[in-house]
Amino acid sequence: MEKVIEKEAYESLMGSPVVQNASKSVDQVREATPLPSVPAWASRARLIDIFESYKLAKVKTFSQSTQDGYFPRIQKFIDFYRAKGVVFIDEIRKAHASDYRDEVTRLQDSPLTIDNYTKTLKGFFDFAISVGKYGFENPFSNMHLVKKSERDKHTDSYIPYTKDEIQRLFVENFEAYCKRFKKPDLFFAPLVALALGMREDEIAQLYISDIYQKDGIWVLDVNDNGDDKEVKNQASIRLMPLTSQLLQTNFLDYYHMVKEKYGENSLLFPYLTKTASNGYSKNICYNWTQYKQKLIAVDEPQKVFHSLRKNVGAAMADKLIDLPLRKRVLGHTQNQDVTQTVYGSEYSLQNLKSLLEGLEWNIDFSRFQFEFKNENVLAGLVNAKAIKARKKELQKRLNLSS
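Every chain is numbered independently, its residues counted from 1 as its sequence is written. Reporting of local features is limited, given that this is a predicted model, to residues whose pLDDT is at least 70; pairs of side-chain atoms are given and counted only at 80 or more, and all residues count toward the totals for whole chains, interfaces and linings. Water and hydrogen atoms play no part in the side-chain values, which are based on all heavy atoms of the structure.

Draft legend 1. Spatial organisation of the pairing of strand β3 (residues 238–241). Buried means the residue's accessible area, taken with a 1.4 Å probe over protein chains only, is under 20% of the maximum for its type, while exposed means over 50%, and partly exposed covers the values in between. Working definition: helices are DSSP H or I runs of at least four residues, strands are E runs of at least two. Numbering for both runs from the N terminus. Neither face of β3 is open: one carries Arg238 and Met240, the other Leu239 and Pro241, and all of them are buried. Any two strands with at least two DSSP-identified bridges between them are counted as paired. Relative to β3, strand β2 (residues 217–222) runs antiparallel, the two sharing 4 bridges. Bridged to Leu220 within β3 is Met240.

Draft legend 2. Fine view of unusual backbone geometry. A positive phi angle is found at Asp215, which is not glycine, with a value near 55 degrees. With respect to the secondary-structure elements, Asp215 resides in the loop between β1 (211–214) and β2. Of note, Leu320 is a non-glycine position whose phi angle comes to about 60 degrees, a positive value. With respect to the element layout, Leu320 can be found in the loop between α15 (306–318) and α16 (323–330). The exposed category is assigned to Leu320, whose relative accessible area is 73%.

Draft legend 3. Fine view of helix α5 (residues 94–107). Between the first and last residue of a helix there are one fewer steps than residues, each counted as 1.5 Å, and that sum is the expected span. Here α5 contains 14 residues, and its C-alpha end-to-end distance of 20 Å stays within 8% of the 20 Å for a straight helix at 1.5 Å per residue. Turning to α5, its buried residues are Ala97, Tyr100, Arg101, Glu103 and Val104. All buried residues of α5 fall inside an arc of 155 degrees around its axis, so they share one side. Working note: the arc is built from the helix axis to C-beta atom directions.

Draft legend 4. The arrangement of the pattern of salt bridges in detail. Between Lys or Arg on one side and Asp or Glu on the other, a salt bridge is scored when a side-chain nitrogen of the former is within 4 Å of a carboxyl oxygen of the latter. A full pass over the atoms with the stated rule returns 13 salt bridges. The partner of Lys55 in a salt bridge is Glu52, and the shortest N-O contact between them spans 3.2 Å. In this pair, Lys55 and Glu52 both sit in helix α3 (residues 47–58), 3 residues apart, roughly one turn of the helix. Between Lys122 and Asp126 there is a salt bridge, with the nearest N and O atoms lying 3.0 Å from each other.

Draft legend 5. Representation of the packing of α16 against helix α18 (residues 349–357) in the model. Taken N-terminus to C-terminus, the directions of α16 and α18 make an angle of 90 degrees; their axes are 12 Å apart at the nearest point. As far as their axial angle goes, α18 and α16 are roughly perpendicular. Here α16 contributes Leu325, Arg328 and Val329 to the contact with α18, which in turn contributes Leu352, Leu355 and Leu356. Each residue is assigned to one of three groups, with Ala, Val, Leu, Ile, Met, Phe, Trp, Tyr, Cys and Pro labelled nonpolar, Asp, Glu, Lys and Arg labelled charged, and all others, Gly among them, labelled polar. In terms of residue class, the contact of α16 with α18 is made up of 5 nonpolar, no polar and 1 charged. Axis geometry follows a simple rule: fit a line to the C-alpha atoms, using only the stretch in contact for helices, then measure angles between N-to-C directions, giving values from 0 to 180 degrees. Throughout, the term roughly parallel applies to angles under 35 degrees, roughly antiparallel to angles over 145, roughly perpendicular to angles from 65 to 115, and oblique to all others. Residue contacts are counted whenever heavy atoms from the two residues lie within 4.5 Å of one another.

Draft legend 6. Just the environment of Leu267, in detail. Within the secondary structure, Leu267 sits in the loop between α13 (251–262) and α14 (282–293). On the accessibility criterion, Leu267 (5% relative accessible area) is buried. Residues Leu267 and Asp210, 57 residues apart in the sequence, show an inter-C-alpha distance of 9.2 Å.

Draft legend 7. View of the packing of aromatic side chains. Any two of the Phe, Tyr and Trp rings considered here, Trp counted by its six-membered ring, make a pair once their centres fall within 6.5 Å; the pair's planes then place it as stacked at under 30 degrees, edge-to-face at over 60, or tilted in between. Taken as a whole and judged by the stated rule, the model has 37 aromatic pairs. Judged by centre distance (5.3 Å) and plane angle (70 degrees), the ring pair of Tyr134 and Phe136 falls under edge-to-face. On the accessibility criterion, Tyr134 (3% relative accessible area) is buried. The class for Phe136 is partly exposed, based on a relative accessible area of 29%. Ring centres of Tyr177 and Tyr291 lie 5.9 Å apart, and the angle between their planes is 90 degrees; this geometry places the pair in the edge-to-face category.

Draft legend 8. Structural context of the sheet that holds β1. Read across the sheet, 3 strands follow the order β1-β2-β3 without closing on themselves; strand pairing throughout is antiparallel. Both outer strands of the open sheet, β1 and β3, are each paired with one neighbouring strand and no more. Shown here is a sheet whose adjacent strand axes are inclined to one another by a mean of 45 degrees, direction ignored.

Draft legend 9. Local environment of α18. Of the residues making up α18, those classed as buried are Leu349, Leu352, Lys353, Leu355 and Leu356. Buried residues of α18, viewed axially, fall in a sector of 160 degrees; they line one side.

Draft legend 10. Expanded view of the nonpolar core. Only buried residues count toward a nonpolar core, which is a set of Ala, Val, Leu, Ile, Met, Phe, Trp, Tyr and Cys residues joined through side-chain atoms within 4.5 Å. Ranked by size, the top nonpolar core spans 67 residues in total, and within it Phe170, Leu196 and Trp288 carry the most contacts. Looking at this core, the element that brings in the most residues is helix α10 (residues 184–196), giving 10 residues.

Draft legend 11. Highlighting the side chain of Lys229. Mapped onto the fold, Lys229 is located in the loop between β2 and β3. For Lys229, the residues in contact, after removing those within four places along its chain, are Gln205, Tyr207, Asp210, Asn223, Asp224 and Lys274.

Draft legend 12. Examining the packing of α10 against α15 more closely. For the pair α10 and α15, interaxial distance at closest approach is 7 Å and the crossing angle is 25 degrees. As summarised for this structure, α10 and α15 are arranged roughly parallel, according to the angle between their axes. Viewed along their axes, α10 and α15 form a crossing whose handedness is right-handed. Each of Pro190, Ala193, Leu194 and Leu196 in α10 lies in contact with α15, whose residues at this interface are Leu308, Arg309, Asn311 and Val312. Taken together, the residues of the contact of α10 with α15 break down into 6 nonpolar, 1 polar and 1 charged. It is the rotation of the near helix from the far one that decides the hand of a crossing: anticlockwise by less than a right angle makes it left-handed, clockwise makes it right-handed.

Quick look at the structure:
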């Protein structure tokens, strides 16, 4: 900044005293040419402050699930560069965005997941630009790894288990299954997913009040009633009949025990706590992955807990079940199918039950009896949850008081 006029503008911006030894000719120039207005974005804003403004702006427009997905990604980005001494948003350039995507790529396997990170951060910088706190081109623009035309392929990348693998998971290693899954959610969730095709979070967030009889058929009511429950889409809200296979297990005995001990307002698995990224189902997915990794070698990354749901979809397709009916079972949207959504009628629970019971798994479900000797089997787990919640609340109060 060799020109005095530029030096004074910069020092004024930075809050430093303006040098007063300019020559008369420069003063004349200043009178003739006033200082250019300083753009709003030039005032240095911290990344963390912009993030707080972003959350306030989006908390009413983003669903809770979107917040739980987006906000931690942005926080990780801020923490990553804070560790490198980068605090202000105007320090971030395209190279920083590229370096961070490389870091995410190192930690993530799925190109779609990597793209979701860059998409989230692009939205964050779009916000910063819109409120006048970032005066450069969005550094996360045009950084997608997956073309729009290919996104469905990546989204649908999980594949079902083979018939031999189903036998390995549920029959040949039955004792290992029981030994591994000593908590009710871990024990029953794979059986429900295979019999009904339900999502892991739909199972984990069930309440006692979501299990009842309708038209003489026991059902699981998948809904988003309550602040802690979410569904993927409107079509996910549905009644799923308990099949004869599931009724051969002691699932209903377990349900009655929890109902009597903890009441209608209890979670079916009352010891579970909700996490930001996986809802109530984190432990279910993790433990299933650990279990099946020892048994499945082929296409291992594409075969996860969600693959049990894929098995149900594939089995229905093999039996030439109509697509709208398959979508109803799986809770998929009808994609504006006017014939079905306007003129179609709800499938009866008995028809749904008969369809699901017709899927052949070659598994003796009656062997799956969760071991609980008395109603106190869950007491330790539930008490541990309560203690953890009290500690968390106490810590929160201490942080506020300090």
